[in-house]
Amino acid sequence: MMVNKQTRDWYPFVGPFDPCPPIYVKSYYVPPNQYIPFQPMGLQQFSLQEALRLGTLWPALYSPYESKCGKGAGNE
Amino acid sequence: MWIYEKKLQYPVRVSKCCPRTAKYLVEQYGGADGELSAALRYLNQRYTIPDKVVGLLTDIGTEEFAHLEMIATMIYKLTKDATPQQLQEAGLGEHYANHDSALYYNNAAGVPWTAAYIASKGDPLADLYEDIAAEEKARATYQWIIDMTDDVDLQDSLKFLREREIVHAMRFKEAVEIIKADRDTKKIY
Amino acid sequence: MNKKLDANYYSKLLELQQLDFALVELTLYLDTHPNDLQAIQQFNQLAQQRQQCAHQFEMQYGPLLQFGHSYSKYPWQWIETPWPWQV
């Protein structure tokens, strides 16, 4: 099973005296391995070229990650 | 025994000389959830784990050494030809005073690697859950390091390593199922 | 003894890395799925391809493995650069 969205958002409490500008939405990753108790046989595979590039042979286990470098922390 | 293969598991490209990134990356070299810890943890657990999962621990432990070499390659490239002043400006003055540009098994804060980073409980479930946790922690560490560099070539290699943590965690979870149920692996839930 | 690292070197190396990576993935998978016949067949087939690819690479760029798992020309090629972190 492929879960489309691999991040989950949450909304931390914002106190009136927090010194840093608040981040209203924080998110964390839930990689697809969390939804596969035991990998079924015969899953679809990437090509060998793609498999190396992406770090896995199986699309069902692939988790893309984007750097937050230069972006606001905690936001999507 | 082990046979060394004269190639990296994945091509490592670094597009800029950036000792500061090397300072952070060393977390995955000699840190608690780094590749050295991972390799030694898994290979060491093999001697007391049920026979069914020894192959998996051997193979993942061996792959971790390939990852250790990738991290070493990144650090080597990030600091190669950097001047003492550049190293100092990157917060590596203390490192330079002791090691020049040599690699050392310490974490990003300079704390030397210790065997206390790896647990060895002798209980199959305790050990495998430790392994799953270690993979998830290493995945998180890769995320935070990817977040701190704008070098897309370096990000590329780090994303590969992050994905490997996910696959390893998957396999360790399967090992838990094998241990739990003594299951027939042909059967799928 | 400095070998030329041309585009061919990098593409041959990449090809070998691709084959070897699929073999790593299948190995870990088979460690927990020892009864998957199809995966074993794919593994054996890729292992054969890998052997050919590695052989070609070694003929051109020198030995990949130590301790007698690769052959050497004269003089002893194992100690030649580049080492993996240098390429």
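A brief look at the structure comes next. These figures come from a predicted structure and were not determined experimentally. (Residues numbered from 1 in each chain as written. Chains lettered and ligands numbered in written order. Predicted model: local features only at pLDDT ≥ 70, side-chain atom pairs only at ≥ 80, totals over all residues.)

Across its full length, chain B holds eight helices and zero strands. Seen in sequence order, chain B has helices and strands lined up from the N terminus as α-α-α-α-α-α-α-α. The C-alpha radius of gyration of chain B comes to 18 Å, within 12% of the 16 Å expected for a compact globule of 189 residues. Along the three orthogonal principal directions, the C-alpha set of chain B runs to about 60 × 30 × 30 Å. Of all 189 residues assigned to chain B, the portion counted as buried reaches 48%. Put simply, 76% of the contacts in chain B that link residues at least 6 apart link residues at least 24 apart. (Helix = DSSP H or I, 4+ residues; strand = E, 2+ residues; numbered from the N terminus. Rg over C-alpha atoms; globule rule 2.2 N^0.38 Å. Buried ≥ 20, exposed ≤ 12 C-beta atoms within 10 Å, placed from the backbone. Contact = placed C-beta atoms within 7 Å.)

Before going further, it helps to examine the interface of chain C and chain A. At the interface, 10 residues of chain C touch nine residues of chain A. Looking at the side of chain C that touches chain A, the element that brings in the most residues is helix α1 (residues 7–32) of chain C, giving seven residues. The residue makeup of the side of chain C that touches chain A, split by class, is four nonpolar, four polar and two charged. (Nonpolar A, V, L, I, M, F, W, Y, C, P; charged D, E, K, R; others polar.)

Chain B puts 25 residues into the contact, and the matching count from chain C is 21 residues. If you list the elements that add at least two residues to the side of chain B that touches chain C, you get α4 (54–79) and α8 (152–181) of chain B. With nine residues, the single largest contributor to the side of chain B that touches chain C is α4 of chain B. Residues of the side of chain B that touches chain C, tallied by class, amount to 12 nonpolar, four polar and nine charged.

This next bit is on the environment of V167 of chain B. Its place among the elements puts V167 of chain B in helix α8. With 26 C-beta atoms counted inside 10 Å, the residue V167 of chain B sits in the buried group. Separated by 105 residues in sequence, V167 of chain B and T62 of chain B have C-alpha atoms that sit 15 Å apart. Excluding anything up to four places from it in sequence, V167 of chain B contacts T56 and L61 of chain A together with L28 of chain C.

Here we come to unusual backbone geometry. Following Y74 of chain C, the chain continues to P75 of chain C via a peptide bond in cis, the omega torsion being -10 degrees. On the secondary structure map, P75 of chain C appears in the segment after α2 (37–61). For the bond running from T81 of chain C to P82 of chain C, omega is 5 degrees, close enough to zero to count as cis. Turning to its location among the elements, P82 of chain C is positioned in the segment after α2. A positive phi angle, close to 55 degrees, is found at D100 of chain B, a residue other than glycine. With respect to the helices and strands, the residue D100 of chain B is situated in the loop between α6 (93–99) and α7 (124–148). Positive phi values are uncommon outside glycine, yet F67 of chain C reaches one of about 60 degrees. Along the chain, F67 of chain C turns up in the segment after α2. Look at F67 of chain C and you get exposed, because 10 C-beta atoms sit within 10 Å.

All right, on to the packing of α1 of chain C against α2 of chain C then. Residues and elements named next belong to chain C. At a minimum axis distance of 9 Å, the contact between α1 and α2 shows a crossing angle of 150 degrees. Considered as vectors, α1 and α2 are oriented roughly antiparallel to each other. Crossing handedness for the pair α1 and α2: left-handed. When α1 is examined against α2, the residues Y9, K12, E15, L16, L19, D20, A22, L23, L26, Y29 and L30 are found in contact with a partner set consisting of A39, I40, Q42, F43, L46, A47, Q49, R50, C53, A54, F57 and Y61. Partitioning the contact of α1 with α2 into residue classes produces 17 nonpolar, two polar and four charged. (Axes fitted to C-alpha atoms, helices over the stretch in contact; angles between N-to-C directions. Parallel < 35°, antiparallel > 145°, perpendicular 65-115°, else oblique. Left-handed = near helix turned anticlockwise from the far one by under 90°.)

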